[in-house]
Amino acid sequence: MAGKVFFSVSMSLDGFIAPESPEDLMKRQWMELQQWIFPLRFFRENLKLGEGGKEGRDDDIVRETFERTGANVMGKRMFDAGEQMWPQEAPFHTPVFVVTHEKRDPWERPGGTTFHFVNDGIKSALDQARQAAGDRDVRIAGGGATILEYMNAGLIDEFSIALSPVLFGSGVRLFEGVDAGRVALEPVRAEPSPRVTHLTYTVRER
């Protein structure tokens, strides 16, 4: 049986998941948004940053998210930014399907990540990701515009937000342009940790 389609993001208290400009990724504001994840043991292991790191519920959630994911889907904007920043052994360790208008051969990286470039739409990318994932889940990795496309197409089953005690003021807002007349949410879990609050919802058609 096919797994779920989900996304999982960090979000500021005022609703933003990234700065407006890709050039501002990895700078102070974005680092503050993501600071809960950097010290975690699994995060350090996955990026080969060395031994040690914090354990506990935050670490368990990050590990569980990784382990449930059999394939990833992302937009071209996220890929372009990540191509410059990811280490040689990209942190996905699954097939990744990039929604783009560009025609490009698959790009294989060490450690089990291969990027496939899909230029015939989000449904085609998801179909290919489902096939690659088998009975595991497909994660819509981002960015915000790609997540929104899948939400508005009724293709998201579930999502999780790590709500971080940070204010952005401007940037990429997670639900900017969502079809609220079509999308309804059911709470699954709200779980605070000392650093963030983890919120999980299932998505259904209103």
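The model shown is predicted, which means the values in this text are computed figures rather than measured ones.

## Some details on unusual backbone geometry
Each neighbour pair has its own omega, and for Gly142 with Gly143 the value is -5°, a cis peptide bond. Turning to its location among the elements, Gly143 is positioned in the loop between strand 7 (137-142) and helix 6 (144-152).

## Quick word on the sheet that holds strand 1 (residues 5-12)
Pairing in this open sheet of nine strands is mixed, and the strands run 5-6-4-3-7-1-8-11-10 from one edge to the other. Single-partner strands in this sheet number two, and they are strand 5 (107-108) and strand 10 (183-192). Sheet strands in contact with helix 4 (residues 76-85) are strand 3 (69-75), strand 4 (95-99), strand 5, strand 6 (114-118) and strand 7, and its direction is about 100° off that of strand 3. Sheet strands touched by helix 6: strand 1, strand 3, strand 4, strand 7, strand 8 (158-164), strand 10 and strand 11 (197-205). Its angle to strand 7, the strand with the most contacts, is close to 130°.

## A short note on the packing of aromatic side chains
On inspection of all chains with the given rule, the structure shows 15 aromatic pairs. Note on Phe79 and Phe117: the rings are 5.2 Å apart at their centroids and 80° apart in plane angle, and the pair reads as edge-to-face. Highlighted residues: Phe79 in helix 4 and Phe117 in strand 6, separated in sequence by 38 residues. Residues Phe79 and Phe117 agree in their burial class; the two are buried. The ring of Phe6 carries the charged tip of Arg68 above its face, separated from the ring centre by 3.8 Å. Directly above the aromatic system of Trp107 lies the positively charged group of Arg104, at a separation of 5.5 Å from the ring centroid.

Cut-offs applied
Residues numbered from 1 in each chain as written. Predicted model: local features only at pLDDT ≥ 70, side-chain atom pairs only at ≥ 80, totals over all residues. Heavy atoms only, no water. Helix = DSSP H or I, 4+ residues; strand = E, 2+ residues; numbered from the N terminus. Pairing = 2+ DSSP bridges. Contact = heavy atoms within 4.5 Å. Axes fitted to C-alpha atoms, helices over the stretch in contact; angles between N-to-C directions. Phe/Tyr/Trp six-rings, centres within 6.5 Å; stacked < 30°, edge-to-face > 60°. Buried < 20%, exposed > 50% of the residue type's maximum accessible area, 1.4 Å probe, protein only. Lys NZ or Arg CZ within 6 Å of the ring centre and 35° of its normal.

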